[in-house]
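A look at the structure
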Amino acid sequence: MRIVLASGSPRRRELLTQIGLEYEVIVSNAEENAACTEPAKLVEELSYIKAKAVADEHNLKDVIIIGADTVVASGDKILGKPDGEEGAFAMLKALSGKAHEVYTGVTLLKITDKVERITFNECTKVKFYEMSDDEIRGYIATKDPLDKAGAYGIQGFCARYISGIEGDYNNVVGLPIGRLYQEIKEVL
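Residues numbered from 1 in each chain as written. Predicted model: local features only at pLDDT ≥ 70, side-chain atom pairs only at ≥ 80, totals over all residues. Heavy atoms only, no water.

1. Focus: the pattern of salt bridges
Scanning the model with the defined rule gives 13 salt bridges in all. Here E86 ties to R137 by a salt bridge, and the two come within 3.4 Å at their closest N and O atoms. Of this pair, E86 sits in helix 3 (residues 84–95) while R137 sits in helix 4 (residues 133–141), and the two are 51 residues apart along the sequence. D147 is the partner of K148 in a salt bridge, and the nearest nitrogen-oxygen pair spans 3.0 Å. (Salt bridge = Lys/Arg side-chain N within 4 Å of Asp/Glu carboxyl O. Helix = DSSP H or I, 4+ residues; strand = E, 2+ residues; numbered from the N terminus.)

Below, the structure written as structure tokens:
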């Protein structure tokens, strides 16, 4: 059965490739509008919106579509991708020296003669060391934080500021790949 990733994220592609899944990419053009403000439910809703948009736009059959969405939550605030360098600075300043959560929602749509849906989320706690303003600006200068939820990527330059995590590391990268694989085995 074909597997389609409904995401243009290079990190998600790397993770799927890392575990040996054969897949193709069809990027979702869905509007990411969700009514929910609770991080776990929000990422689940957005992952479903993305997967369903690809299914609807391309009339796919005999396929498993993977939709995913990741947000960073600090306190009661959800941090998506930053709005430019100043937005990235504000986010990183808020995360400096503190713990926060990273939520990734995943939806699997198995489309045959019928549609089966599995939606779940994973949460990982991440703790940052204190970062000086100069360190934050130096990191922003790499351009790495500008396209990532919470304005950082744990797998790159920013790893120097991570003091620890509780949970699935790959979830922070953008896809809880171990759980995803187990769920795919169940629907195949």
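2. Some details on helix 3
Counted at 1.5 Å a residue, the expected span for helix 3 with its 12 residues is 16 Å, and the 17 Å between its end C-alpha atoms agrees. By the burial criterion, the buried members of helix 3 are G87, A88, F89, M91, L92 and L95. Looking at the buried positions of helix 3, the neighbouring elements they touch are strand 3 (63–74), strand 4 (77–79), strand 5 (99–111), strand 6 (115–128) and helix 4. Positive backbone phi, approximately 75°, marks G97, located one or two places after helix 3. (Expected span 1.5 Å × (residues − 1). Buried < 20%, exposed > 50% of the residue type's maximum accessible area, 1.4 Å probe, protein only. Contact = heavy atoms within 4.5 Å.)

3. Here's the deal with the packing of aromatic side chains
Within the structure shown, the criterion is met by 2 aromatic pairs. Taking 4.9 Å as the distance between ring centres and 80° as the angle between the ring planes, the aromatic pair formed by F128 and Y152 counts as edge-to-face. One end of the pair, F128, is in strand 6; the other, Y152, is in the loop between helix 4 and strand 7 (162–166), with 24 residues separating them in the sequence. Seen from their ring centres, Y139 and F157 are 5.7 Å apart, and the 5° between their planes marks the pair as stacked. Pair noted here: Y139 is in helix 4 and F157 is in the loop between helix 4 and strand 7, with a separation of 18 residues, a long-range link. On the accessibility criterion, Y139 (0% relative accessible area) is buried. (Phe/Tyr/Trp six-rings, centres within 6.5 Å; stacked < 30°, edge-to-face > 60°.)

4. Some thoughts on unusual backbone geometry
Positive phi, close to 70°, is recorded for K143, a residue that is not glycine. By relative accessible area, which is 47% here, K143 ends up partly exposed. The phi angle at A151 is positive, at roughly 65°, despite the residue not being glycine. Residue position: A151 is located in the loop between helix 4 and strand 7.

5. Quick notes on helix 4
Every buried residue belonging to helix 4 is among I136, Y139 and I140, and all of these are buried. In a view along the axis of helix 4, the buried residues occupy a sector of 100°, so they form one face of it. Exposed side of helix 4, more than 90 degrees from the buried face: D134 and A141 are the residues found there. Against the buried residues of helix 4 lie helix 3. Phi turns positive, to about 70°, at K143, one or two residues after helix 4. (Arc of directions from axis to C-beta.)

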